[in-house]
Amino acid sequence: MEKMVAGSDKLTSLFERFSNDPFRRRFRLLGRELAHLQMWGIERVMKDARQLIQSRVAPASPKNDGRQTPWRNHPVFVAQHGTATCCRGCIAKWHQIEAGEELTSEQLDYLLNVVRHWLLQFL
């Protein structure tokens, strides 16, 4: 697997693919989720993101995989759907990180950088 670096051409290409996907491009922060991001700030939201992704997506076989990420009520949940970091199936398809093994710290950092990049467009 190539080294995962946020801010690279790979990230630019990934977000171009998201913008061309009808499902992914429909996600936006609005209402309560947008207010939370603006009130809490990116650092607090990213701290939550690390905890949520570690507990819900990082295990080799997450509980309820494919249905473990709610659609709303936290900016990270919306961001996960917008960036295909919501379940191991989406992560495998969009980020080429196969399911069946716990995420490495490098993979987790990469996914968090993708989520951060997506959230920053709303600040």
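Structural notes, computed from the coordinates. These numbers come from a predicted model, not from an experiment.

Note that an α-helix has 3.6 residues per turn; residues three or four places apart therefore point the same way. Along helix α1 (residues 9–19), the residues classified as buried are L11, L14, F15 and F18. Down the axis of α1, the buried set is contained in an arc of 95 degrees. They therefore lie on one face. Buried residues in α1 make contact with α2 (22–25), α5 (75–82), α6 (88–95) and α7 (105–120).

What follows is about the side chain of H36. With respect to the helices, strands and loops of the structure, H36 is situated in helix α3 (residues 31–40). Not counting residues within four places of it along the chain, the set of residues in contact with H36 comprises G41 and P75.

So, on to the nonpolar core. Residues F18, L29, L37, M46, V114, W118 and L119 are the most contacted members of the largest nonpolar core, which totals 36 residues. The biggest single contributor to this core is α7, with 8 residues. Here M46 is in contact with L112, V115, R116 and L119, once residues within four sequence places are set aside.

Before going further, it helps to spend a moment on α3. Taken together, the buried positions of α3 are E33, H36 and L37. End-on view of α3: buried residues confined to an arc of 95 degrees, all on one side of the axis. Of the exposed residues in α3, those oriented more than 90 degrees away from the buried face are G31, R32, Q38 and M39. Of the residues flanking the end of α3, it is G41, one or two places downstream, whose phi is positive at about 90 degrees.

Another point: the state of the cysteines. Throughout the structure, instances matching the rule amount to 0 disulfides. A disulfide-free cysteine, C86 has its sulfur positioned 3.7 Å from the sulfur of C90, the nearest such atom.

This part covers the packing of aromatic side chains. Following the criterion strictly, the structure yields 6 aromatic pairs and no others. Consider the rings of F23 and F27, whose centres lie 5.2 Å apart with planes at 80 degrees: the pair is edge-to-face. Accessibility expressed as a relative area gives 31% for F23, which makes it partly exposed. The interplanar angle of 55 degrees and the centroid separation of 4.9 Å between the aromatic rings of W118 and F122 together place this pair among those described as tilted. Accessibility classification places W118 together with F122 in one group, the buried group. Joined through ring pairs, the aromatic side chains of F15, F18 and W94 make up one cluster.

Moving on, we get to the environment of H81. Counting through the fold element by element, H81 comes out in helix α5. Note: C-alpha distance between H81 and P70 (11 residues apart in sequence) is 9.0 Å. In terms of polar contacts, H81 uses its side chain to reach the backbone carbonyl oxygen of P70, at 3.1 Å.

How each quantity is defined
- Residues numbered from 1 in each chain as written.
- Predicted model: local features only at pLDDT ≥ 70, side-chain atom pairs only at ≥ 80, totals over all residues.
- Heavy atoms only, no water.
- Buried < 20%, exposed > 50% of the residue type's maximum accessible area, 1.4 Å probe, protein only.
- Helix = DSSP H or I, 4+ residues; strand = E, 2+ residues; numbered from the N terminus.
- Arc of directions from axis to C-beta.
- Contact = heavy atoms within 4.5 Å.
- Core = buried A, V, L, I, M, F, W, Y, C linked by side-chain atoms within 4.5 Å.
- Disulfide = S-S within 2.5 Å.
- Phe/Tyr/Trp six-rings, centres within 6.5 Å; stacked < 30°, edge-to-face > 60°.
- Polar contact = N/O pair within 3.5 Å; in protein donor to acceptor, adjacent residues only side chain to side chain.

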